[in-house]
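For reference, the chains in residue letters:
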Number of protein chains: 2
Amino acid sequence: MKRLSSRQGTKQKKAPSRPARMSGEERKAQIVRVATELFARDGFKGATTREIARKAGISEAVIYKHFSRKEDLYKAIIDSRCTNPGGEPRLLSMLKGKEGREVFVIIASYLLEEHRRDSSFLRLLMYSALEQQSLSELFINTRGLEFLGFLETHIQSLIEKGCMRGVDPALAARAFIGMVEHYSIAQELYNAKSFFSRPERKVVEAFVDIFLNGMKRR
Amino acid sequence: MKRLSSRQGTKQKKAPSRPARMSGEERKAQIVRVATELFARDGFKGATTREIARKAGISEAVIYKHFSRKEDLYKAIIDSRCTNPGGEPRLLSMLKGKEGREVFVIIASYLLEEHRRDSSFLRLLMYSALEQQSLSELFINTRGLEFLGFLETHIQSLIEKGCMRGVDPALAARAFIGMVEHYSIAQELYNAKSFFSRPERKVVEAFVDIFLNGMKRR
DNA sequence: CGGAGTATAGTAAGCACTCACTTACCAGGA
DNA sequence: TCCTGGTAAGTGAGTGCTTACTATACTCCG
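Residues numbered from 1 in each chain as written. Chains lettered and ligands numbered in written order. Predicted model: local features only at pLDDT ≥ 70, side-chain atom pairs only at ≥ 80, totals over all residues. Heavy atoms only, no water.

Caption draft 1: Region of the structure containing the overall build of chain A. Along chain A, the regular secondary structure elements total eleven helices and zero strands. The contacts in chain A between residues at least 6 apart in sequence include a share of 68% that link residues at least 24 apart. When the accessible area of chain A is evaluated, it comes to approximately 11,400 Å², of which 52% is carbon and sulfur surface. (Helix = DSSP H or I, 4+ residues; strand = E, 2+ residues; numbered from the N terminus. Contact = heavy atoms within 4.5 Å. Areas by Shrake-Rupley, 256 points an atom, 1.4 Å probe, with all protein chains shown as cover.)

Caption draft 2: Just the packing of helix α5 (residues 70–83) of chain A against helix α8 (residues 120–130) of chain A, in detail. Residues and elements named next belong to chain A. Direction vectors running N to C along α5 and α8 enclose 130 degrees, while the axes themselves pass 12 Å from each other. In terms of orientation, α5 and α8 fall into the oblique class. Considering the relative orientation of α5 and α8, their crossing is left-handed. For the pair α5 and α8, the contacting residues are Tyr74, Ile77 and Arg81 in the first and Ser120, Phe121, Leu124 and Ser128 in the second. (Axes fitted to C-alpha atoms, helices over the stretch in contact; angles between N-to-C directions. Parallel < 35°, antiparallel > 145°, perpendicular 65-115°, else oblique. Left-handed = near helix turned anticlockwise from the far one by under 90°.)

Caption draft 3: Up close: the interface of chain A and chain B. On the chain B side, the residues contacting the 51 residues of chain A number 51 residues. Surface buried jointly by chain A and chain B totals about 4,700 Å² across both partners, of which 64% is contributed by carbon and sulfur atoms. When the buried area of chain A at its contact with chain B is split by residue, A:Leu130, A:Arg174 and A:Tyr190 rank highest and sum to 17% of it. Counting every contact that joins chain A to chain B gives six salt bridges. Between B:Arg198 and A:Asp168 there is a salt bridge; the shortest N-O distance is 2.5 Å. When contributions to the side of chain A that touches chain B are tallied by element, the ones reaching two or more residues are α2 (24–46), α8, α9 (136–160), α10 (169–189) and α11 (200–215) of chain A. Here the element with the most residues in the side of chain A that touches chain B is α10(A); it accounts for 15 residues. (Buried area = accessible area lost by both parts, 1.4 Å probe. Salt bridge = Lys/Arg side-chain N within 4 Å of Asp/Glu carboxyl O.)

Have a look at this one:
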């Protein structure tokens, strides 16, 4: 009886009994997707396997078929974030061949846009740092420091070429990233999606403007 | 059975059983102090009443004599932080009568020093924002936005006087606070107490220098 | 004595994680 | 075409532990 043959053709999810059967890899990816959302919202400790399961429409046991511990699931999320092709590599390729002001505009736009598009990354980052996950180092190194280093080198060479003043390039890089990233962080910190909204382009212009002018030789 | 009568007669404190007796207010303040540390370390959800009690050398029940719910304890912490006299009022009084470059130096020094002295505040702030505590608004408003506003007004007047370029003063204020505050936040985010350490004075000089030069009229 | 301060010993609910079991699906022989 | 067994995918009902929070009795001091 109860042949579920109908499911195949129709996409209706009215039957609450069993979820759509999935291949292992599909399911695994789905779990990671749901878990990302919840870890970003509630942190590692705050997110529960129960809710992840519920939101994925499966039982908790399925999670443990794919990930032997909650921590493994977290690790999988970080891996997927660090190796995903939409990340730093994209930025670095965008920067290829660019010079002068445009470099800074691209970096600033990238950071702002990236965060607006997907605030979960920043939240994951902040949580992982606060919770002192040992895993957070991986996170930090691949997504945090890498291009701070790039910027530092870039500024260093501009100073050597005489285009910029002799400010400590590491500090200068931090100053620039700080202006831009703090703008995004503050939207989370002050949960103020609205309290301070300017067109993204205007924000970028102002920051790049202040920074480049500030670094200009007299 | 197990009559603990032995304790009664002797006054020796070799028995680790009972803590020093305290007055209600003393005990309350002590609990808040310990709890602040743990909430800052682990967040609201992560911190447990059990550990707070253990670290204060008392039983959980004592906590609940003073605070009817865990949330009340959290609220007490925030109150104590917001009304504490070492906060914004101190900064604003330091700024009184100051002008020009010095204003920015004072603000930057204040932020850096404040955080170095007590990083738990920044952690509390970040946690309360991430965990979407309804209480965080109080936190934010009294300690976050207030002097962002002050800075904005100050910059506005400098622009009107013709000392600075006509950049959106709100954006300029954010840029400056961003540079400075991000420096502190990054020490938590990248848990890099060491990876990037410059003398505080140098950091302040560099940031103020870049910012003021960037805002100068041509 | 009375009451503030404290401990012991709970409670019910929630947590990560497990296990014995059921279902859906596919391959291949009749 | 239908039957059948192997297996991956999924489950419900746990386990033992931890959580926030409580009921109640004991101890000290004014």
